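Okay, here's what each chain looks like letter by letter:
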Amino acid sequence: MTLTTKHHEEPKTRDRRRHENAPRPRIGSLLTRWDYRYSPYLYVLPFFVLFGVVGIAPLLYTSWVALNDWNPIAGQGDFVGFDNFAKIIGTSEFWIALRNTLSIFLLTMVPHLILALAIAAALDRNIRAATFWRMSVLVPYVVMPVAIALIFNSFFADQSGLVNNVLTSIGLNPVGWHTDAFASHVAISTMVNFRWLGNTALILLAGMQAIPRDLYEAASVDGAGAGRQFFSITIPQLRPTMIFVILTMTIGGLQIFAEPRLFDFQGQGGPDKQWLTLPLYIYNLGWRDLDFGLASAASWLLFLLIVVLALLNLLISSRISSNEARKNR
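Residues numbered from 1 in each chain as written. Predicted model: local features only at pLDDT ≥ 70, side-chain atom pairs only at ≥ 80, totals over all residues. Heavy atoms only, no water.

**What to know about the environment of Ala149**
Tracing the chain through its elements places Ala149 in helix α7 (residues 145–155). Spatially, the C-alpha atom of Ala149 lies 8.5 Å from that of Ala258, the residues being 109 residues apart in sequence. When neighbours within four sequence positions are excluded, Ala149 is seen to be in contact with Met191 and Leu262. (Helix = DSSP H or I, 4+ residues; strand = E, 2+ residues; numbered from the N terminus. Contact = heavy atoms within 4.5 Å.)

Written as structure tokens, this is what we have:
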């Protein structure tokens, strides 16, 4: 009995002595362990702090302002609940701004994506001075929106604009770019496409260059031409990048402000609100009418619209991607 107990106690005693005699962790190794464990969180912390200060905090504060009668001079007034939202929805100006926003967004997004794909495909080929051409498409992106608006206002002037002069020279009637709603939407979408087309093309180009070249070589061996390779290899492989581009275009396209604001000298969206967009409508509520409560309510309605359309685009794009993946199996 004594031998058995001693046999069982000796390993425990030996482990305890080994643990007591083990070297204590040094401060340097402890700092190294902390650096390995907590450094990634410290690296991303500035982004979340900045996002909370300039993103989440104003959003929450705007939700509180939207529930009150708020004047920028007098400050907070009476609590009105959802009356500001009901008042915004009940005005015809809001629905006109919503129609104009969606119209300009569609007129911008569809040709924008097609032209960006074409430019990216051209830049992806083996051309001379490829770096020069890839940098040149970014020139409109770095130009100030005010300069672009001044240039295109001269192009789309109703009386002496370059576009109307060309139309009349070939026997067509001039277009009232500042009187007709659809024509003004086309002009504004042209301004937006001119400024952002190069940026989108370079994003798509980056996605194209990540596609393995072995796929194109195998397709060439099988006799597939450039067009067949583009639609059978490039477009399917580029789908994740296109989903990202479509989402960012949806978010940015529904927040268009500078181009409608600068399309004429008044900056009110036209005499009959022909090109009044929701961001410009919110700006007028806050700084023309000095009603921050209504402006905040309209801002939240715009935010909800962006969320709904972004989720809808993501759902449709994901569904198309999953269907294509099933077909390729």
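Picking up where we left off.
**A look at the nonpolar core**
Counting residues in hydrophobic clusters, the biggest one holds 42 residues, and the most contacted among them are Ile88, Leu204 and Tyr281. Counting only elements with at least two residues in this core, the list comes to α3 (83–89), α4 (92–123), α9 (181–209), α12 (239–253), α14 (278–288) and α15 (292–328). With ten residues, the top contributor of residues to this core is α4. When near neighbours in sequence (up to four residues on either side) are disregarded, Tyr281 contacts Ile88, Thr91, Glu93, Phe94, Ala97, Leu276 and Ala298. Core analysis: the second largest hydrophobic core is formed by 14 residues, Trp177, Ala183, Val192 and Phe263 among them. (Core = buried A, V, L, I, M, F, W, Y, C linked by side-chain atoms within 4.5 Å. Buried < 20%, exposed > 50% of the residue type's maximum accessible area, 1.4 Å probe, protein only.)

**Notes on the packing of aromatic side chains**
In the structure shown here, the tally under the stated rule is 18 aromatic pairs. Aromatic side chains Phe47 and Phe48 sit 5.2 Å apart centroid to centroid with 75 degrees between the ring planes, which places their arrangement in the edge-to-face category. Judged on exposure class, the residue Phe47 and its partner Phe48 are both exposed. Between the aromatic rings of Phe152 and Phe156, the centroid separation amounts to 6.2 Å while the plane-to-plane angle is 15 degrees, which identifies the pairing as stacked. Here Phe152 and Phe156 have matching classes, each one buried. Grouped by ring-pair contacts, the aromatic residues Phe152, Phe155, Phe156, Trp177 and Phe194 constitute a single cluster. (Phe/Tyr/Trp six-rings, centres within 6.5 Å; stacked < 30°, edge-to-face > 60°.)

**Focus: the pairing of strand β1 (residues 68–71)**
What you see with β1 is a clean split: Asn68 and Trp70 sit on the buried side and Asp69 and Asn71 on the side with no burial. Where β1 lies against strand β2 (residues 75–79), three bridges are found, and the strand directions are antiparallel. Paired with Asn71 across the bridge in β2 is Gly75. What sits between the antiparallel neighbours β1 and β2 is a turn of three residues. (Pairing = 2+ DSSP bridges.)

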